[in-house]
Amino acid sequence: MKKALSLILALGMSVLLLTGCAGAPSSSVAAPDSEEPVATEPVTLEFIQWWSSEAGSEELDRLVAEFESQNPNIDIELVTLPFGDVRTQIIASQASKTTPDILAMNPPWTREFYDLQILAPLDELMAADPDFNKEDYFQASFTQIEGGTYLMPVNTQAFYLFYNKTMFEQAGLTPPTSWEEIVSCARQLTDPDKNQYGFTVTMAEQEASNGSILFFYPLLYAQNGRTLVDGQYTVQTEEMYNALDLLRQLNEDGSLLPGTTTKSEVQMVEEFSVGNVGMMISNDSHIKTVTDRNPELDFGIVPIPTMDGTGTPELRHHGWDIAISESCEHKQEAWEFISFLCEKENMQSYCNAALKLPAAYGVTVDYLDEYPVVQDVMDIVNTYDMVEELMVMPKASACWVDLTKAGSAVVQGAQTVDDALAQTQELWNEKLGQ
């Protein structure tokens, strides 16, 4: 564990004794290789997060206590709110100039917070830390905004194809390796008389209206597609057309469990957990949800295949990240805590307690006996690249709502795929000033 702060304090006291300097010591000194001052008097850093409200709260408390014992001049004050309140509170605190020092981050918030000047760049802090190596961690969170890095990954989630092994085996099917096979399997697994369907999807326009980032974006990246093309954000690409057209095909075949335009993500996962749905696209955080809801359900997880089954798909990344606020007066100390929390040993212990996947290569977890499918997920994330454009996209939440509405219109037969994408593009162009 780093002793930089203790060493700096000791050296400062020695200099005072040697020079016979009278009076009170300075409250801070320059950090090695950095212009950021390091405090020599007690510092309290406020860390706003939702993590303790969901999982692993006792382990997070233990890690905070361990860090404080090793860094006696730094206190970490945990501020715990429900996930849905953290973003609102951070934005409100920025307006009142009371932004917490350390921020738990949902990646799609990043560009919004950057534009509001909430986030501090981490590049110099990372470069000055001799014990930190960016290459040890999954790279999606390090995607830069205008040349700066603003997030440090703590755990990772990615999106996969969940499938009901029992339904597949009974139908003599194997996991699909192309989109044609997804359509075919969904069709063969569907039997409305038995309340059995091949696929479940959410394209609800209520609540977060986030069906597009749960379904279209994972399909887009599986084709190695992007929304940022030649400097402009666009949905009018072949890859995005394919994603919406897959939804159209599943719907027209009758393979979708009814309620696509009204159900929430929670309801979608619940439908799969019951055991009468063949497939869904979701992230690995729902492994626990599905298993706990129905311990008898035999399900598997595979990467979403490329459209034609050739090439290598990419995964949509979505994890728990951490950042430093621009208004933080003690950024070096804040980085010391972040660096401590993200050391592989500490990351592993926290992820074990929270039942999350570590955001570093080669770090394992010890809950595989309870949730054995997690081993498949770990093999996948250590093999495939992950992508997250939403963290760098201006007005990302408003734009994904537009795309979700396009999906809803296609399912309801109100628009063709081409018309839905054209209308979405017009809305994006207006919002983004393109």
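Residues numbered from 1 in each chain as written. Predicted model: local features only at pLDDT ≥ 70, side-chain atom pairs only at ≥ 80, totals over all residues. Heavy atoms only, no water.

Structural notes on the side chain of Glu271
Among the structural elements, Glu271 can be located in helix H11 (residues 265-274). Separated by 2.7 Å, the side chains of Glu271 and Lys263 make a polar contact. Leave out the neighbours within four places in its chain, and Glu271 touches Thr200, Leu257, Pro258, Lys263, Asn276 and Val277. (Helix = DSSP H or I, 4+ residues; strand = E, 2+ residues; numbered from the N terminus. Polar contact = N/O pair within 3.5 Å; in protein donor to acceptor, adjacent residues only side chain to side chain. Contact = heavy atoms within 4.5 Å.)

A closer look at helix H16 (residues 396-411)
Look at H16: 23 Å from first C-alpha to last across 16 residues, which is about the 22 Å you get at 1.5 Å a residue. Most of H16 sits out of view: 12 of its 16 residues are buried. Residues of H16 that are buried include every one of Ala396, Cys399, Trp400, Asp402, Leu403, Thr404, Ala406, Gly407, Ser408, Ala409, Val410 and Val411, and no others. Buried residues in H16 make contact with helix H9 (211-222), helix H10 (238-252) and helix H17 (417-432). Gly413 lies just past H16 and shows a positive phi near 75°. (Expected span 1.5 Å × (residues − 1). Buried < 20%, exposed > 50% of the residue type's maximum accessible area, 1.4 Å probe, protein only.)

Comments concerning the packing of aromatic side chains
Working definition: an aromatic ring pair is given by the centre-to-centre distance plus the angle between the planes. Applying the stated rule across the entire model yields 24 aromatic pairs. Measuring from centroid to centroid gives 5.6 Å for Phe132 and Tyr137, while their planes differ by 20°, and the two rings are stacked. Residue classification places Phe132 among the buried positions, given a relative accessible area of 13%. Between the aromatic rings of Tyr367 and Tyr371, the centroid separation amounts to 6.3 Å while the plane-to-plane angle is 80°, which identifies the pairing as edge-to-face. The rings of Phe47, Trp50, Trp51, Phe67, Phe83, Trp109, Phe113, Trp320, Phe337, Phe340 and Tyr350 are connected pair by pair, giving a single aromatic cluster. Between Lys134 and the ring centre of Phe142, over which it is positioned, the NZ or CZ distance is 5.2 Å. (Phe/Tyr/Trp six-rings, centres within 6.5 Å; stacked < 30°, edge-to-face > 60°. Lys NZ or Arg CZ within 6 Å of the ring centre and 35° of its normal.)

Section: helix H14 (residues 344-354)
Turning to H14, its buried residues number three or more, namely Asn346, Met347, Ser349, Tyr350, Cys351, Asn352 and Ala354. In the segment just after H14, Leu355 is the residue with positive phi, at about 55°.

Concerning the packing of H9 against H10
Contact pair H9 / H10: the axes reach a minimum separation of 9 Å and the direction vectors enclose 130°. As judged from the angle between their axes, H9 and H10 are oblique. Of the two possible hands of crossing, H9 and H10 adopt the one that is right-handed. Between H9 and H10, the contacting residues are Phe215, Phe216, Leu219 and Leu220 on the first element and Glu239, Met240, Ala243, Leu244, Leu246 and Leu247 on the second. (Axes fitted to C-alpha atoms, helices over the stretch in contact; angles between N-to-C directions. Parallel < 35°, antiparallel > 145°, perpendicular 65-115°, else oblique. Left-handed = near helix turned anticlockwise from the far one by under 90°.)

Examining the state of the cysteines
Summed over the entire model, instances satisfying the criterion amount to zero disulfides. Cysteine Cys342 shares no disulfide, and the gap to the nearest cysteine sulfur, in Cys351, comes to 9.1 Å. On the basis of relative accessibility, which here comes to 1%, the residue Cys342 falls in the buried class. A relative accessible area of 0% places Cys351 in the buried class. (Disulfide = S-S within 2.5 Å.)

A closer look at the side chain of Asp402
When you line up the elements, Asp402 lands in helix H16. Beyond its immediate sequence surroundings of up to four residues, Asp402 is in contact with Thr424, Leu427, Trp428 and Lys431.

Brief notes about the sheet that holds strand E12 (residues 299-302)
If you walk across this open sheet you meet the four strands as E8-E11-E7-E12, and the pairing is mixed. Unpaired on one side and paired on the other, strand E8 (197-199) and E12 mark the two borders of the sheet. Strand-to-strand twist of the sheet, defined as the mean angle between neighbouring strand axes without regard to direction, takes the value 25°. Note: strand E7 (residues 159-164) against E12, four bridges, orientation antiparallel. Bridge pairing in E12 links Tyr163 to Gly300. Strands E7, E8 and strand E11 (277-283) of the sheet are contacted by H9, whose axis makes an angle of about 85° with E11. In this fold H11 packs onto E7, E11 and E12, with an angle of close to 140° to the strand it touches most, E11. (Pairing = 2+ DSSP bridges.)

Remarks on the confidence of the model for the protein chain
For the protein chain, mean pLDDT is 90; residues scoring 70 or higher make up 91% of the total. When the criterion is pLDDT under 50, residues 1-32 qualifies, and its contacts beyond four places in sequence or with other chains add up to 36 contacts. (pLDDT = per-residue confidence, 0-100.)

Brief notes about the nonpolar core
Ranked by size, the top nonpolar core spans 139 residues in total, and within it Trp51, Met152, Phe199, Phe215 and Leu244 carry the most contacts. With nine residues, the single largest contributor to this core is H9. Setting aside residues up to four positions removed in sequence, Leu244 forms contacts with Phe216, Leu403, Ala406, Val410, Val417, Ala420 and Leu421. (Core = buried A, V, L, I, M, F, W, Y, C linked by side-chain atoms within 4.5 Å.)

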